[in-house]
Amino acid sequence: MPKIGEKELKEQLKTENFSNVYLIYGEESYLKEFYVGKLKSKLVDEAFADFNFHQYEGKNTSISDILQDADMIPMMGQYTFVLVHDYPLDKSQKDIDALKEYFEDLPDTCVLVFWYDSIEVDTKKSSKWKTIETAFAKAGSAVNLEKRTEGDLAKLIVSSAKKRGCTIDSNLARYIIGVVGSDIQTIFSELEKFCAFVGSGEITKKVIDDLAIKSLQARVYDLSKFILRGDSAGAYGVLETLFAQKEEPIAILSVISSCYIDMYRVKCAKAAGANENELKDYFSYKGREFLIRNAARDCRTVSIDGLRWAIDTLAETDEALKSTSIDKNILLEETVAKLLMMRNA
């Protein structure tokens, strides 16, 4: 079976047409954990879990011990379920070869799952991960669980609010993503809070603004908005709050830089006669499409040359933050002053 995604995995769970091996990886941690749990609930009878379920964390055992458990005959059930979490397969060619050899004669009574969360599976840059992905896809299923699009996340928020007995407009669902980020677990946590507050009522923008814990990206985006307006009081007010909240200057600078890079990309796309939405095909904006919309709105009053100067200034600050002993907060304050001067020039 070739590499599959969430849709195909859902169908397998629905029809109970399971593969004997799974490689589960991708950007969305919540979805990976969710579907591993779904597989376990479908394949493991809790009454016999001590016999038929085996789990390993990291490299706490050898690949031979894992495959030995996979060979065990299930007791009072159809499958032995072996779950291996964050095993560093890419670090040992011997382990990869052993797994590929095992895949040549897989037992029908086992479902073997390698699930990666804290270890990045980069099949584009790593030839070993590409080999591993190909081996799993050939023997069973290589499942890449990517981040959902902003539209999909908005639908999820609307339907999840309904299940909790309250309502929300789809536009406000998108607004939530811009405020708290695109991580599904974070979205659910915030949504639980909103629904508890409104009961059976409607989640409004005021409710979101009053109750939501803004992501660092959203808070720094507020800082960038003040800079682009030339509002020094507003910009330094946000910066002081970020310092008080002990946010790392390097992290703050990284988000400011990403805001300017987003604007530069949009500005260049427009200059080339391309649609700003085409940027989604070239850069990783899945689940964060609002960044393109924000950048398109904010870059109207800034020239391409101005954006280039700003990005160069931010790059110089990044180097200084990482290489000098000067107070990092002061360096960041000076950079904000330079960006304000550029805006007001």
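Anything mentioned here points back to the structure above.
In this report, the structure presented in the accompanying data block is examined. Remember, it's a predicted structure, so these values are computed and weren't measured experimentally.

Right, let's get into the overall build of the protein. When its secondary structure is counted, the protein shows 17 helices and five strands. On the principal axes, the C-alpha backbone points of the protein span a range of 75 × 50 × 45 Å. Relative to its full complement of 345 residues, the protein shows a buried share of 48%. Within the protein, counting contacts between residues at least 6 apart in sequence, those at least 24 apart form 75% of the total. Total accessible area on the protein stands at roughly 17800 Å², and carbon and sulfur atoms take up 50% of it.

Contact pair helix 5 (residues 93–103) / helix 6 (residues 127–139): the axes reach a minimum separation of 10 Å and the direction vectors enclose 15 degrees. In this view, helix 5 runs roughly parallel relative to helix 6, as classed from their interaxial angle. The way helix 5 lies across helix 6 gives a crossing that is left-handed. Contacts between helix 5 and helix 6 involve Gln93, Ile96, Leu99, Lys100 and Phe103 from the first element and Lys128, Thr131, Ile132, Ala135, Phe136 and Ala139 from the second.

This paragraph deals with the state of the cysteines. By definition, a disulfide is the covalent link that joins the sulfur atoms of two cysteine residues. Using the criterion set out here, one finds one disulfide in the structure. Here Cys166 is linked by a disulfide to Cys195, with a sulfur-sulfur distance of 2.5 Å. Highlighted residues: Cys166 in the loop between helix 7 (150–163) and helix 8 (170–180) and Cys195 in helix 9 (residues 184–198), separated in sequence by 29 residues. Grouping residues by exposure puts Cys166 and Cys195 together as buried. The thiol of Cys268 is unpaired, and the distance to the nearest cysteine sulfur, on Cys299, comes to 9.7 Å. Its relative accessible area of 25% is what places Cys268 among the partly exposed residues.

Another aspect to go through is the pattern of salt bridges. Across all of its chains, the model carries 19 salt bridges by this definition. Asp318 serves as the salt-bridge partner of Lys322, at 3.2 Å between the closest nitrogen and oxygen. You can see Lys322 and its partner Asp318 sitting in helix 16 (residues 304–323), four residues apart, about one turn around the helix. Several salt bridges share partner residues, and in doing so they unite Lys3, Lys130 and Glu133 into one network.

Next up on the list: the pairing of strand 1 (residues 21–25). Strand 1 sits mainly inside the fold: five of its five residues count as buried. Burial along strand 1 is two-sided: the residues Val21, Leu23 and Tyr25 and Tyr22 and Ile24 are all buried. Sheet topology places strand 1 next to strand 5 (residues 141–144); four bridges connect them, and they run parallel. In the strand pairing of strand 5, Leu23 is matched with Ala142.

Here we come to helix 7. Its 14 residues place the ends of helix 7 20 Å apart at the C-alpha level, agreeing with the 20 Å of an ideal helix rising 1.5 Å per residue. Within the sequence span of helix 7, burial applies to Glu150, Leu153, Ala154, Leu156, Ile157, Ser160 and Ala161. Viewed end-on, helix 7 has its buried residues packed into an arc of 160 degrees, placing them on one side of the element. Exposed residues pointing more than 90 degrees away from the buried face of helix 7 are listed as Lys155, Lys162 and Lys163. Just beyond helix 7, the residue with positive phi is Gly165, at close to 90 degrees.

Now for the environment of Ser189. Its location among the elements puts Ser189 in helix 9. In this structure the C-alpha to C-alpha distance between Ser189 and Asp305, which are 116 residues apart in sequence, comes to 42 Å.

Two pairing modes exist for strands in a sheet, parallel and antiparallel, and in both the strands are linked by backbone hydrogen bonds. Spatially, 2-3-4-1-5 is the arrangement adopted by the five strands of the open sheet, whose pairing is parallel. Here the strands that pair on one side only, and so sit at the sheet edges, are strand 2 (53–57) and strand 5. Across this sheet, the average inter-strand angle for adjacent strands is 15 degrees, counted without regard to direction. Across six bridges, strand 3 (residues 80–85) lies against strand 4 (residues 110–115) in parallel orientation. Across the sheet, Val84 pairs through a bridge with Phe114, a residue of strand 4.

The next subject is the packing of helix 11 (residues 216–229) against helix 13 (residues 249–271). At a closest axis distance of 9 Å, the pairing of helix 11 and helix 13 adopts a crossing angle of 60 degrees. Classed by the angle they form, the pair helix 11 and helix 13 counts as oblique. Crossing of helix 11 against helix 13: the hand is right-handed. Mapping the contact onto sequence places Leu216, Gln217, Val220, Tyr221, Leu223, Ser224, Ile227 and Leu228 in helix 11 and Ala251, Ile252, Val255, Ile256, Cys259, Tyr260 and Met263 in helix 13. Residue composition of the contact of helix 11 with helix 13, by class: 13 nonpolar, two polar and no charged.

Criteria and cut-off values
Residues numbered from 1 in each chain as written. Predicted model: local features only at pLDDT ≥ 70, side-chain atom pairs only at ≥ 80, totals over all residues. Heavy atoms only, no water. Helix = DSSP H or I, 4+ residues; strand = E, 2+ residues; numbered from the N terminus. Buried < 20%, exposed > 50% of the residue type's maximum accessible area, 1.4 Å probe, protein only. Contact = heavy atoms within 4.5 Å. Areas by Shrake-Rupley, 256 points an atom, 1.4 Å probe, with all protein chains shown as cover. Axes fitted to C-alpha atoms, helices over the stretch in contact; angles between N-to-C directions. Parallel < 35°, antiparallel > 145°, perpendicular 65-115°, else oblique. Left-handed = near helix turned anticlockwise from the far one by under 90°. Disulfide = S-S within 2.5 Å. Salt bridge = Lys/Arg side-chain N within 4 Å of Asp/Glu carboxyl O. Pairing = 2+ DSSP bridges. Expected span 1.5 Å × (residues − 1). Arc of directions from axis to C-beta. Nonpolar A, V, L, I, M, F, W, Y, C, P; charged D, E, K, R; others polar.

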